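# Inside the fold
Listed below, chain by chain, are the residues.
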Amino acid sequence: ETGVTQSPTHLIKTRGQQVTLRCSSQSGHNTVSWYQQALGQGPQFIFQYYREEENGRGNFPPRFSGLQFPNYSSELNVNALELDDSALYLCASSLAQGNIQYFGAGTRLSVL
Amino acid sequence: QKEVEQNSGPLSVPEGAIASLNCTYSDRGSQSFFWYRQYSGKSPELIMFIYSNGDKEDGRFTAQLNKASQYVSLLIRDSQPSDSATYLCAVNVGPPSGANSKLTFGKGITLSVRP
């Protein structure tokens, strides 16, 4: 176990809806990164949060947004869901002073 | 050209054999390299990281890095059926001690170890 917890574990939404995914980082870790993993693919970087600010973003549209809270936990919000958003969403935490990332169990999102 | 490529696979080896997993990357500025193992339906689990050219050994696992050839590999000695999983290569352009650590992953290699 990495100590990174994500909720919920599974989620089913319909196209056009909005979703919020949550992540609690490992104790002592102040940096949270989010990844999207489609079936049969490697994870793709969405964005990273450090000290409550976005600290790097991948090639994802603005309808993917996030937050980091003072306790270093984080949320990923996706608006106007599309069928292609169906994927495993992974949260990873790390120390700002080091780049080793540890993943949570993920949230599997299905968009119908 | 994809940034991180893992082209060989799926890979099937008999129990007790050496499994060799390969990965190439395109960004010459890459400084940190990681191997994650992912069981079906689970999240990636870090098994090795390497920053310097050469070999790094941890138990049955050896990571090999050649920055001149932009090549990183993972050797698994005495392969066990429990090693059957997808192995993801990940690369970070940032330094080992820095923030802004975006990982770029390959699509993974599926390893099957036959009893």
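Residues numbered from 1 in each chain as written. Chains lettered and ligands numbered in written order. Predicted model: local features only at pLDDT ≥ 70, side-chain atom pairs only at ≥ 80, totals over all residues. Heavy atoms only, no water.

### Here we look at the overall build of chain A
Per the secondary structure count, chain A includes 0 helices and 11 strands. The helix and strand sequence of chain A, counted from the amino end, reads β-β-β-β-β-β-β-β-β-β-β. Taking 112 residues into account, the globule formula puts the C-alpha radius of gyration at 13 Å, and chain A, at 13 Å, falls close to it. Dimensions along the principal axes, computed over C-alpha positions, put chain A at roughly 40 × 30 × 25 Å. Buried positions account for 52% of the 112 residues belonging to chain A. For chain A, the exposed surface amounts to about 5,300 Å²; the carbon and sulfur share of it is 49%. Treating the 7 positive side-chain charges of chain A as one cloud and the 8 negative ones as another, the clouds have centres 5 Å apart. (Helix = DSSP H or I, 4+ residues; strand = E, 2+ residues; numbered from the N terminus. Rg over C-alpha atoms; globule rule 2.2 N^0.38 Å. Buried < 20%, exposed > 50% of the residue type's maximum accessible area, 1.4 Å probe, protein only. Areas by Shrake-Rupley, 256 points an atom, 1.4 Å probe, with all protein chains shown as cover. Lys, Arg positive; Asp, Glu negative; His and termini not counted. Charge placed at Lys NZ, Arg CZ, Asp CG, Glu CD.)

### Considerations on the interface of chain A and chain B
Each partner contributes to the interface: chain A provides 24 residues, whereas chain B provides 25 residues. For chain A, the biggest contributors to the area lost against chain B are N99, I100 and F103 of chain A; these three give 31% of the whole. Joining chain A to chain B, the criterion identifies 4 residue pairs in polar contact (both at pLDDT 80 or more). For the side of chain A that touches chain B, the secondary structure elements donating two or more residues are β4 (31-37), β5 (44-50), β6 (53-57), β9 (87-94) and β10 (102-103) of chain A. Looking at the side of chain A that touches chain B residue by residue, the class counts come to 10 nonpolar, 14 polar and no charged. (Contact = heavy atoms within 4.5 Å. Buried area = accessible area lost by both parts, 1.4 Å probe. Polar contact = N/O pair within 3.5 Å; in protein donor to acceptor, adjacent residues only side chain to side chain. Nonpolar A, V, L, I, M, F, W, Y, C, P; charged D, E, K, R; others polar.)

### Description of the sheet that holds strand β6 (residues 54-58) of chain B
Residue and element names in this part refer to chain B. In space, the 5 strands of this open sheet follow the order β1-β3-β8-β7-β6, with antiparallel pairing throughout. Each end of this open sheet is capped by a strand with a single partner; those strands are β1 (4-5) and β6. Where strand β3 (residues 19-25) meets strand β8 (residues 71-76), 6 bridges bridge the pair, whose relative direction is antiparallel. The residue of β8 that forms the bridge with S20 is L75. (Pairing = 2+ DSSP bridges.)

### With respect to the side chain of Q70 of chain B
Residues and elements named next belong to chain B. Tracing the backbone shows Q70 in the loop between β7 (61-66) and β8. At 3.1 Å, the side chain of Q70 and the side chain of R28 are in polar contact. Apart from the residues lying within four places of it in its own chain, the contact partners of Q70 are C23, T24, Y25, S26, D27 and R28.

### Remarks on the packing of aromatic side chains
Residue and element names in this part refer to chain A. All chains considered together, the criterion is met by 11 aromatic pairs over all chains. A ring pair is formed by Y35 and F103, whose centres lie 5.5 Å apart and whose planes are at 55°; its orientation type is tilted. Separated by 68 residues along the polypeptide, Y35 in strand β4 and F103 in strand β10 bring together distant segments of the chain. Given a relative accessible area of 0%, Y35 falls into the buried group. A ring pair is formed by F47 and Y49, whose centres lie 5.3 Å apart and whose planes are at 85°; its orientation type is edge-to-face. Accessibility classification places F47 together with Y49 in one group, the buried group. (Phe/Tyr/Trp six-rings, centres within 6.5 Å; stacked < 30°, edge-to-face > 60°.)

### Some points on the side chain of Q38 of chain B
Within the secondary structure, Q38 of chain B is located in strand β4 (residues 32-38). What makes Q38 of chain B buried here is its relative accessible area of 9%. A polar side-chain atom of Q38 of chain B sits 2.8 Å from a polar atom in the side chain of Q37 of chain A. Of note is the side chain of Q38 of chain B, whose polar atom sits 2.8 Å from the backbone oxygen of K42 of chain B. Excluding residues that lie within four positions of it along the chain, Q38 of chain B makes contacts with Q37 and L88 of chain A together with S43, P44, A85, T86 and L88 of chain B.

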